[in-house]
Structure formats: C-alpha cells, structure tokens
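# Structural overview
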Amino acid sequence: MARVVIIGLPGDDQLYLADIDAGTVLPMQPPVSGPLAAANDLRNAGGTIVKDVNLAIAVSSSEQAFSGVFDG
C-alpha cells in the first residue's frame, strides 16, 4: 500500500501531497481535475472528505502533537 496522503487545510486553497516514506510534504501543482477536483470543491465549501485514513488531527505545533494533548 502506498503511504501518500493528500492534505487540505481550512482557509488554504492549496492541496499538499505528503509522502510518508520519503518524509516530504509538497504543494500539489494546480489544476487538479476529475474526482479530486470535485472533492476539493466540497472541501472548499466546508465539507470534510476522509478515505483510507483513520486518524487525522490538526494541531498548532509539533510540540503540542508530541505532548499527546489536543483539543477534541
């Protein structure tokens, strides 16, 4: 199984491609098309799309993540 994740953050129109094995996160080059574009349109309208990821939490810093504490 590939360990690559597409990430979109609220208030940021950019999509990012995180390659877990390579340890990289890079901005995806626009334009996106097809089903990814449709999912991105839903995301920009306030929707949340999750597929094949079972935990994702946005935190304000790496220190907060490593502390094990996050707001639910």
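Structure shown above.
Residues numbered from 1 in each chain as written. Predicted model: local features only at pLDDT ≥ 70, side-chain atom pairs only at ≥ 80, totals over all residues. Heavy atoms only, no water.

## A word on the overall build of the protein chain
- Summing up its helical and strand segments, the protein chain has 2 helices and 3 strands in all.
- N-terminal to C-terminal, the α/β element order of the protein chain is β-β-β-α-α.
- Dimensions of the protein chain, computed from C-alpha atoms along their principal axes, come out at roughly 40 × 30 × 20 Å.
- Residue burial in the protein chain is summarised as follows: out of 72 residues, 8% are buried.
- For the protein chain, contacts bridging at least 24 residues in sequence account for 19% of all contacts bridging at least 6. (Helix = DSSP H or I, 4+ residues; strand = E, 2+ residues; numbered from the N terminus. Buried < 20%, exposed > 50% of the residue type's maximum accessible area, 1.4 Å probe, protein only. Contact = heavy atoms within 4.5 Å.)

## Quick notes on the sheet that holds strand E3 (residues 24–27)
- Overall, antiparallel pairing links the 3 strands, which are arranged E1-E2-E3 in an open sheet. Where the open sheet ends on each side, the last strands, each with one partner, are strand E1 (4–8) and E3. Averaged over all pairs of adjacent strands, the angle between their axes in this sheet comes to 25°, without regard to strand direction. (Pairing = 2+ DSSP bridges. Axes fitted to C-alpha atoms, helices over the stretch in contact; angles between N-to-C directions.)

## Details of the environment of Gln64
- Mapped onto the elements, Gln64 comes out in helix H2 (residues 62–67).
- Residue Gln64 is classed as partly exposed on the basis of its relative accessible area of 24%.
- At 2.8 Å, the side chain of Gln64 forms a polar contact with the side chain of Ser60. (Polar contact = N/O pair within 3.5 Å; in protein donor to acceptor, adjacent residues only side chain to side chain.)

## Notes on helix H1 (residues 34–44)
- Residues Ala37, Asn40 and Arg43 constitute the buried set of H1. Buried residues of H1, seen end-on, are gathered within an arc of 115° and therefore sit on one face of the element. Away from the buried face of H1 by more than 90 degrees, exposed residues Pro35, Asp41 and Leu42 are located.
- The positive-phi residue at the C-terminal boundary of H1 is Gly46, with phi of around 105°. (Arc of directions from axis to C-beta.)

## A few points about the side chain of Asn40
- Relative to the elements of secondary structure, Asn40 occurs in helix H1.
- Leaving out residues up to four positions away in the same chain, Asn40 has contacts with Asp13, Leu15 and Val32.

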